[in-house]
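One-letter residues, chain by chain:
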Amino acid sequence: SAIRNYETAARMQSLVPALCDVSGESPETLRLYGVDRANDFDKFYALQCLRARRMVEAGVRFIELNHGSWDQHTDHRRDLAANCQSTDAPVAALLDDLEERGLLDSTLVLWMGEFGRTPKINADVGRDHWPGCYSVLLAGGGLRVGQVIGASDAIGAYPKERPISPADIHATVFSALGYDPHGLTYTAADGRPMPLSEGTPIPELL
């Protein structure tokens, strides 16, 4: 109802500033995530990861982090190194921190983009958008983790074994959350009942 929506909005306005304030975190935690870095680009994503952990602790159900840009259309080596430097440590810190606090098993972490990168370098020494093959990281949420599922060909152009579609990721997330992706439906704009997902949950993870 409208009243519940207003109540939720009011609670968010009062709680979010406190959750985003990391001044009370220990110096060790700030270093773990990389919040103490001088580079603002690196610090931006590190702060998001630390605030995500604080939100999980507070009971926030869905959290989305945005890196900003993963484009490497020019000077691929430079941009890839910068992107990895800004994400690797904070993501690892988030997973370790959640696990140490007993929160990882009940928190599904999904790290991905919407496409991969061309297997060939372009004229600007970069790599462009490529939907044919890319990687996804899933952790926590009661999944069977610590495994690599599938593989690309030698140049990362197309899946070589065990291809998994975006719809399969979609269905796996629903299953991890306790929803039947095929048994539950929603009503489409034209009135037809549609399944939550047309993909197949990844059995190796569930």
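Up top you'll find the structure we're talking about.
Here the structure is a predicted model, which means the values were calculated and not measured.

> So what about the pattern of salt bridges? Which residues, and what values?
What the rule picks out here adds up to twelve salt bridges. A salt bridge links Arg31 to Glu28; the shortest N-O distance between them is 3.8 Å. Remark: Glu28 and Arg31 occur in helix H2 (residues 27-33); sequence separation between them is three residues, near one turn of the helix. Residue classification places Arg31 among the partly exposed positions, given a relative accessible area of 48%. Notably, a salt bridge pairs Glu57 with Arg101, separated by 2.9 Å at the nearest N-O pair. With Glu57 in helix H3 (residues 40-57) and Arg101 in the loop between helix H4 (76-100) and strand E1 (108-111), this residue pair connects regions lying 44 residues apart in the sequence. Here Glu57 falls in the partly exposed class, since its relative accessible area comes to 40%.

> Which residues make up the nonpolar core, and what values do they have?
Residues Tyr33, Val35, Leu95, Leu98 and Val109 are the most contacted members of the largest nonpolar core, which totals 18 residues. Mapped by element, the contributors of at least two residues to this core are H3 and H4. A total of six residues in this core trace back to one element, the largest contributor, which is H3. Apart from the residues lying within four places of it in its own chain, the contact partners of Tyr33 are Ala46, Cys49, Leu50, Arg53, Pro90, Ala93, Leu94 and Asp97.

> Describe the side chain of Arg54, and please don't skip the residues or the numbers.
Assignment of secondary structure puts Arg54 in helix H3. Judged by relative accessible area, Arg54 falls into the buried class, the value being 17%. A polar contact is formed between the side chain of Arg54 and the backbone oxygen of Ala18, at a distance of 3.0 Å. Excluding anything up to four places from it in sequence, Arg54 contacts Ala18, Leu19, Asp21, Val22 and Glu25.

> Go over the packing of H3 against H4 with me, naming the residues and quoting the values.
At a minimum axis distance of 9 Å, the contact between H3 and H4 shows a crossing angle of 15°. Taken together, the axes of H3 and H4 are roughly parallel relative to one another. The two elements H3 and H4 meet at a crossing, and its hand is right-handed. Residues Phe41, Asp42, Tyr45, Ala46, Cys49, Arg53 and Val56 of H3 form the contact with H4, whose participating residues are Ala82, Asn83, Gln85, Ser86, Thr87, Pro90, Val91, Leu94, Asp97 and Leu98. Taken together, the residues of the contact of H3 with H4 break down into ten nonpolar, four polar and three charged.

> Which residues make up the packing of aromatic side chains, and what values go with them?
Here a ring pair, both rings aromatic, is described through the centre-centre distance and the interplanar angle of the planes. This structure, assessed with the given rule, holds three aromatic pairs. Ring geometry for Trp70 against Trp111: centres 5.8 Å apart, planes inclined by 85°, an arrangement best described as edge-to-face. Taken together, the residues span a long stretch of sequence, with Trp70 in the loop between H3 and H4 and Trp111 in strand E1 at a distance of 41 residues. For Trp111, a relative accessible area of 31% translates into the label partly exposed.

> Can you break down unusual backbone geometry residue by residue, with the values?
Although it is not a glycine, Asp75 sits at a positive phi angle of roughly 45°. Look at Asp75 and you get partly exposed, because its relative accessible area is 32%. Positive phi outside glycine occurs at Arg162, with the angle close to 50°. Looking at the element boundaries, Arg162 is found in the loop between strand E6 (159-161) and helix H5 (166-176).

> So, the side chain of Arg53: which residues are in play, and what are the values?
Considering the arrangement of structural elements, one finds Arg53 in helix H3. For Arg53, a relative accessible area of 2% gives the class buried. Contact partners of Arg53, with chain neighbours within four places excluded, come to Glu25, Thr29, Tyr33, Leu94, Asp97, Leu98 and Arg101.

> How would you explain the packing of helix H1 (residues 2-20) against H3 if you had to name every residue and give the values?
The geometry of H1 relative to H3 is characterised by a closest axis approach of 9 Å and an angle of 130° between their N-to-C directions. In this view, H1 runs oblique relative to H3, as classed from their interaxial angle. Once H1 is placed against H3, the crossing between them reads as right-handed. Along its contact with H1, which presents Ala18, Leu19 and Cys20, the element H3 presents Arg51, Arg54 and Met55. Here the residues of the contact of H1 with H3 sort into four nonpolar, no polar and two charged.

Parameters and conventions
- Residues numbered from 1 in each chain as written.
- Predicted model: local features only at pLDDT ≥ 70, side-chain atom pairs only at ≥ 80, totals over all residues.
- Heavy atoms only, no water.
- Salt bridge = Lys/Arg side-chain N within 4 Å of Asp/Glu carboxyl O.
- Helix = DSSP H or I, 4+ residues; strand = E, 2+ residues; numbered from the N terminus.
- Buried < 20%, exposed > 50% of the residue type's maximum accessible area, 1.4 Å probe, protein only.
- Core = buried A, V, L, I, M, F, W, Y, C linked by side-chain atoms within 4.5 Å.
- Contact = heavy atoms within 4.5 Å.
- Polar contact = N/O pair within 3.5 Å; in protein donor to acceptor, adjacent residues only side chain to side chain.
- Axes fitted to C-alpha atoms, helices over the stretch in contact; angles between N-to-C directions.
- Parallel < 35°, antiparallel > 145°, perpendicular 65-115°, else oblique.
- Left-handed = near helix turned anticlockwise from the far one by under 90°.
- Nonpolar A, V, L, I, M, F, W, Y, C, P; charged D, E, K, R; others polar.
- Phe/Tyr/Trp six-rings, centres within 6.5 Å; stacked < 30°, edge-to-face > 60°.

In short, shape yes, function no, at least from these values alone.
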